[in-house]
Amino acid sequence: MVAKNGSTDPQEDHGDGDAGDRFWLYDLRVEVVSVPGREMVCNHPEGSYFELRGENLHLPPGQPFPIYPLAALLPLLPAKQRSTHANDWMTTDMDIACPDPHCGALFRIRRTGRRVFRHSEVTAVPLTRSSTPEPSGEGEEP
Ligand SMILES: [Zn+2]
């Protein structure tokens, strides 16, 4: 993947996320919230945050963010950037617990906007419609 910032220009968003080689991802903000009655023991004060726009993390000037909770959050962020089914837990669940079992922090992931990208600008892999078939049905009930 090539580092690009995408665009929040609504003229570039055709609504279906599939016009030409365009697609969109949600911008995310991940903010520390405390659980009442639980002590926060890590170096992530309540209200500290980072934002994810495309593949890039953004921190407020002068505000650090510890790597251990970041490592726990990273696998979830690309999924939260993408459109998910209304019934999918990935759509509804937004609080992730700190990986330190003694810490009472939660990390609240919010979708803050949408950013448009072009396939041709973020990968060298050619776009071929037949290479990624969509599933034909809803799948089996669990
Ligand atoms: Zn913590």
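Here the structure is shown first, and the text comes after it.
Parameters at a glance
- Think of each chain on its own: its residues are numbered from 1, step by step along the sequence as written.
- Local features in a predicted model are, by the rule used here, given only for residues with pLDDT of at least 70; side-chain atom pairs are given and counted only at 80 or more, and totals for whole chains, interfaces and linings are based on all residues.
- Helix numbers and strand numbers start at the N terminus; a helix is a DSSP run of H or I with at least 4 residues, a strand a run of E with at least 2.
- With C-beta atoms placed from the backbone, a residue is buried if 20 or more other C-beta atoms are within 10 Å of its own, exposed if 12 or fewer are, and partly exposed between those counts.
- Note that contacts rest on C-beta atoms placed from the backbone: two residues are in contact if these are within 7 Å.
- A set of buried Ala, Val, Leu, Ile, Met, Phe, Trp, Tyr and Cys residues, joined through C-beta atoms within 7 Å, is what we mean by a nonpolar core.
- Here, any two strands with at least 2 DSSP bridges between them count as paired.
- In this description, a line fitted to the C-alpha atoms serves as the axis of each element, helices being fitted only across the stretch in contact, and the angle between N-to-C directions of two axes falls anywhere from 0 to 180 degrees.

A. Structural view of the overall build of the protein chain. In terms of helices and strands, the protein chain carries four helices and five strands. Burial statistics for the protein chain: of 142 residues in total, 13% are counted as buried. Of the contacts made within the protein chain by residues no fewer than 6 positions apart, 68% connect residues no fewer than 24 positions apart.

B. Main features of the environment of Pro-99. Mapped onto the secondary structure, Pro-99 falls in the loop between strand E4 (95-97) and strand E5 (105-118). When neighbours within four sequence positions are excluded, Pro-99 is seen to be in contact with Tyr-68, Pro-69 and Ala-72.

C. Focus on the nonpolar core. Grouped together as the largest cluster of nonpolar side chains are ten residues: Leu-28, Val-30, Val-32, Phe-50, Leu-52, Leu-73, Cys-98, Ala-105, Phe-107 and Ile-109. If you list the elements that add at least two residues to this core, you get strand E1 (22-34), strand E2 (49-53) and E5.

D. Region of the structure containing the sheet that holds E4. Taken together, five strands build an open sheet; the order of strands is E3-E2-E1-E5-E4 and the sheet is antiparallel. Across the chains shown, the open sheet's two edge strands, defined by having one partner strand only, are strand E3 (56-58) and E4. For this sheet the average axis-to-axis angle between neighbouring strands, irrespective of direction, equals 25°. Sheet topology places E2 next to E3; three bridges connect them, and they run antiparallel. Bridged to Arg-53 within E3 is Asn-56.

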